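The residues making up each chain are set out below.
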Amino acid sequence: SYVKRVEKPWGYELHWVPEDAPYMGKLLHIDAGKQLSLQIHDKKQESWFLTSGKAAVIWENNTGELVETELQ
């Protein structure tokens, strides 16, 4: 099966879907105290599932406002 590790300044990603697919499947390992930048995806969709810890996620709602949600 396909798995690709991508190193990031905040930790790393494990991709289990090839990059040319319309949906990106990935596991993110975010080091404690680190943060990701705001991302915009026009052509790909992502789903997030938090397996441990907690995270603040900022997303755009259907009226175009940025909303922060804490995941636990």
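Please read all numbers here as calculations on a predicted model, not as lab measurements.

Rules behind the numbers
- Residues numbered from 1 in each chain as written.
- Predicted model: local features only at pLDDT ≥ 70, side-chain atom pairs only at ≥ 80, totals over all residues.
- Heavy atoms only, no water.
- pLDDT = per-residue confidence, 0-100.
- Helix = DSSP H or I, 4+ residues; strand = E, 2+ residues; numbered from the N terminus.
- Salt bridge = Lys/Arg side-chain N within 4 Å of Asp/Glu carboxyl O.
- Buried < 20%, exposed > 50% of the residue type's maximum accessible area, 1.4 Å probe, protein only.
- Polar contact = N/O pair within 3.5 Å; in protein donor to acceptor, adjacent residues only side chain to side chain.
- Pairing = 2+ DSSP bridges.
- Axes fitted to C-alpha atoms, helices over the stretch in contact; angles between N-to-C directions.

Observations concerning the confidence of the model for the chain
- Residues with a pLDDT of 70 or more make up 96% of the chain, whose mean pLDDT is 87.
- Strand 4 (residues 55–60) is the least confidently modelled element of the chain, averaging 87 in pLDDT, while strand 1 (residues 4–8) averages 96, the highest of any element.

What to know about the pattern of salt bridges
- Throughout the structure, instances matching the rule amount to three salt bridges.
- Glu-7 is the partner of Arg-5 in a salt bridge, and the nearest nitrogen-oxygen pair spans 2.5 Å.
- Looking at Glu-7, the relative accessible area reads 54%, which means it is exposed.
- A salt bridge links Glu-13 to Lys-26; the nearest nitrogen and oxygen atoms lie 3.5 Å apart. In this pair, Glu-13 is assigned in strand 2 (residues 11–15) and Lys-26 in strand 3 (residues 26–30), connecting sequence segments 13 residues apart. Considered together, Glu-13 and Lys-26 belong to a single accessibility category, that of buried residues.

Section: the side chain of Lys-26
- Taking relative accessible area as the criterion, Lys-26 reaches 19% and is therefore assigned buried.
- Within the local environment of Lys-26, its side chain forms a polar contact with the side chain of Glu-13, the two groups lying 3.5 Å apart.

With respect to the sheet that holds strand 2
- Across the sheet, three strands lie side by side as 1-2-3; this open sheet has antiparallel pairing. Only two strands of the sheet have a single partner each, and these edge strands are strand 1 and strand 3. Pairwise comparison of adjacent strand axes, ignoring direction, gives a mean angle of 15 degrees for this sheet.
- Here strand 1 pairs with strand 2 via five bridges, running antiparallel. Across the sheet, residue Glu-7 finds its bridge partner in strand 2, namely Tyr-12.

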